[in-house]
Amino acid sequence: MAPTYESIDSKLIHAGEPRPRIRGSVIMPIFQSANFEDAGGDDYASVRYIRLNNTPNHQVLHAKLAILEGAEAALVTASGMAAISTTLLTLLQVGDHILMQDGLYGGTHELARSDLPGFGIQVDFIDANDPGSWESLLRPTTRAIYVETMTNPLLQVGDLAAVPAFARAHGLVSLIDNTFASPVNFRPAEHGFDLSLHSCTKYLNGHSDIVAGCVIGRADLVKRIRHRLNHLGGSLDPHTCFLLQRGLKTLAVRIRHQGASAQALAEMLHDHPVVSRVNYPGLASHPHHQRARALFDGFSGMLSFDLEGGATAVDALLANLTLPVNAPSLGAVESLITLPARTSHIGLPAAERARIGIGDGLVRVSVGLEGSDDLMADFRHALTAAAAA
Ligand SMILES: *Cc1c(COP(=O)(O)O)cnc(C)c1O
């Protein structure tokens, strides 16, 4: 009998899984085979080969990911950037134009700024918070509009509801990088987005041990993107598919714990005398709190804050924290800390960094699965040291 379920927790475990189970195996086996015997089909699509994204491990993940966001189709890729670049190079060709949110994830921003123009694709950056300013940037060649659910590292939430409406009114494809929210906190298809993109390296896998990506959304577009991915070659290996599928099953439990810990940590930081500002959409003081409440089921495990004492205080904080790892990336079981001014935004002049709110005292935290009380105690202790520095 077909299983019945409603919650994302059940979808994470059961959606897309083979029924009956393969040889009774409770877990989807890994089909670590580059190629498959000819099954007698009469077209190229019947050829099964890892790069063509059609092994059994791909098929299960595609079905599961689509169901998680209530979308028609999905495609896994060899990294988040493979998903983003392959998608953009499917939707855009020479002469085309795209509107992209200002302050995107660094890899995407650089792709847009330094790679796309070489393919004859023009980009204009928009203020995602100000839909009234978008129309004046439209050109006859504009094909798409691209935003992120929450920005890095300031966790701003643009006017996401306006994006699909604007896209429909002007015949554009709407895209959103949903990495920071995950399907647990936000499901773009339910709000009319055509395509959602993820770095599965982050929350979806959640264990800091693979790199992967995906595109989720309209079947006609995913079909075209898959065709291009077959040629560009950024396909996910079956063993990594298996690891991603394993990581996915605990996504909702992880996100709920991380969200609750992040909320508690954000509130503690907000009330702490050495912290001048906390960026977390779950705080009532966040400029986009009401918007985030209306759109999201939870506010993610990501936050950032500013220390009064700048670089000196940050150094003291880092030297005294014992649980979070000072490492890039996010969405993992272990809490991770990064200093945007010294990592993701190091390429910008200090004055420009200060202008966009990324000062030397800014600390970004990806809250992990440690006990909330342990994490809070660790931060309290390190903040006392930062205050004395
Ligand atoms: C990490 C990240 C990416 C890129 O993903 P990779 O898996 O590293 O290629 C894209 N967008 C966001 C928001 C990210 O955090």
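Anything mentioned here points back to the structure above.
Rules behind the numbers
Throughout this description, residue numbers start from 1 for each chain and increase along the sequence as written. Only residues with pLDDT of at least 70 are given local features in this predicted model, and only at 80 or more are side-chain atom pairs given and counted; all residues enter the totals for whole chains, interfaces and linings. Hydrogens and water are ignored here; the side-chain numbers use all heavy atoms of the structure. Numbered from the N terminus, helices here are DSSP runs of H or I no shorter than four residues, and strands are runs of E no shorter than two. Between buried and exposed lies partly exposed: a residue is buried under 20% and exposed over 50% of the maximum accessible area for its type, with that area taken using a 1.4 Å probe on protein chains only. The contact criterion used throughout is that any non-hydrogen atoms of two residues lie within 4.5 Å. His is not counted here, nor are the chain ends, while Lys and Arg score as positive and Asp and Glu score as negative. For this purpose, a charge sits on NZ of Lys, CZ of Arg, CG of Asp or CD of Glu. A cutoff of 4 Å decides nearness: a residue is near a molecule or strand if any of its heavy atoms lies inside that distance of it. Under the rule applied, a polar contact is a pair of N or O atoms within 3.5 Å (in protein, one hydrogen donor and one hydrogen acceptor; residues adjacent in sequence only if both atoms are side-chain atoms). Basically, the charged four are Asp, Glu, Lys and Arg, the nonpolar ten are Ala, Val, Leu, Ile, Met, Phe, Trp, Tyr, Cys and Pro, and anything else, Gly included, counts as polar. Salt bridges, as used here, are contacts in which a Lys or Arg side-chain nitrogen is within 4 Å of a carboxyl oxygen on Asp or Glu. Inter-axis angles, ranging from 0 to 180 degrees, are taken between N-to-C directions of lines fitted to C-alpha atoms, where helices are fitted over the stretch in contact. Each angle gets one of four labels, with under 35 degrees taken as roughly parallel, over 145 as roughly antiparallel, 65 to 115 as roughly perpendicular, and the rest as oblique. Left-handed describes a crossing whose near helix is turned anticlockwise from the far helix through less than a right angle; right-handed describes the clockwise counterpart. A pair of strands is labelled paired if DSSP reports no fewer than 2 bridges between them.

Participant: Which parts of the structure should I look at to understand the overall build of the protein chain?
Facilitator: Within the protein chain one finds 13 helices and twelve strands. Along the first, second and third principal axes, the C-alpha set of the protein chain runs to 75 × 55 × 35 Å. Expressed as a percentage of its 389 residues, the buried residues of the protein chain come to 53%. Residue pairs at least 24 apart in sequence account for 72% of intrachain contacts in the protein chain once pairs closer than 6 positions are excluded. Between the averaged position of the 30 positive side-chain charges in the protein chain and that of its 38 negative side-chain charges there is a distance of 5 Å.

Participant: Help me understand the environment of Asn-57 in this model?
Facilitator: Along the chain, Asn-57 falls in helix H2 (residues 56–68). Considered as a pair, Asn-57 and Leu-75 are 18 residues apart in the sequence and their alpha carbons are 12 Å apart.

Participant: Looking at this model, I keep getting lost on the site of the ligand. Mind explaining?
Facilitator: The ligand sits among 14 residues. The nearest are Met-81, Asp-177, Ser-199, Thr-201 and Lys-202. Contact between the ligand and Gly-80: an oxygen atom at 2.9 Å from a main-chain N or O atom of the residue. One of the side-chain N or O atoms of Thr-201 is found 2.7 Å from an oxygen atom in the ligand. With three residues, helix H3 (residues 80–91) is the single largest residue contributor to the shell around the ligand. Classifying every residue of the shell around the ligand by side-chain character gives seven nonpolar, five polar and two charged.

Participant: What am I meant to see in the pattern of salt bridges here?
Facilitator: Close approach of charged atoms lets side chains of opposite charge pair. Taken as a whole and assessed by the stated rule, the structure comprises 13 salt bridges. Linking Asp-96 and Arg-143 is a salt bridge whose minimum nitrogen-to-oxygen distance equals 3.1 Å. Pair noted here: Asp-96 is in the loop between H3 and strand E2 (97–101) and Arg-143 is in strand E4 (residues 142–148), with a separation of 47 residues, a long-range link. The closest approach of N and O atoms between Asp-360 and Arg-353, which form a salt bridge, is 4.0 Å. With a relative accessible area of 46%, Asp-360 lands in the partly exposed category. With a relative accessible area of 10%, Arg-353 lands in the buried category. Three or more residues are tied together by salt bridges with common partners; here these are Arg-187, Glu-190 and Asp-297.

Participant: How should the packing of helix H9 (residues 251–270) against helix H13 (residues 372–388) be read in this particular structure?
Facilitator: Helix-helix packing: each pair is described by the crossing angle between the helix axes and the interaxial distance. Close contact between H9 and H13 brings their axes to 10 Å; oriented N to C, the two are set at 30 degrees. Considered as vectors, H9 and H13 are oriented roughly parallel to each other. Viewed along their axes, H9 and H13 form a crossing whose handedness is right-handed. When H9 is examined against H13, the residues His-257, Ser-261, Ala-264, Leu-265, Met-268 and Leu-269 are found in contact with a partner set consisting of Ser-372, Met-376, Phe-379, Arg-380 and Leu-383. Of the residues assigned to the contact of H9 with H13, the class counts are seven nonpolar, three polar and one charged.

Participant: Any chance you could explain the environment of Ser-335 here in plain terms?
Facilitator: Assignment of secondary structure puts Ser-335 in the loop between strand E10 (325–326) and strand E11 (336–338). The spatial distance from the C-alpha of Ser-335 to the C-alpha of Val-325 is 6.3 Å, given a sequence separation of ten residues. Apart from residues lying up to four places away in sequence, Ser-335 is in contact with Leu-323, Pro-324, Val-325, Ser-366, Val-367, Gly-368, Glu-370 and Leu-375. Polar side-chain contacts of Ser-335 include one of 2.8 Å to the backbone nitrogen of Gly-368.

Participant: Could you clarify how one ought to interpret the sheet that holds strand E12 (residues 362–366) in this entry?
Facilitator: By way of backbone hydrogen bonds, the strands of a sheet pair with one another, either parallel or antiparallel. Here five strands make up an open sheet; going across it, the order is E8-E9-E12-E11-E10 and the pairing mixed. Edge positions in the sheet fall to strand E8 (275–279) and E10, since each has one partner strand and no second. With respect to the sheet, H13 is in contact with E8, strand E9 (302–307), E11 and E12, its orientation differing from that of E9 by roughly 20 degrees.

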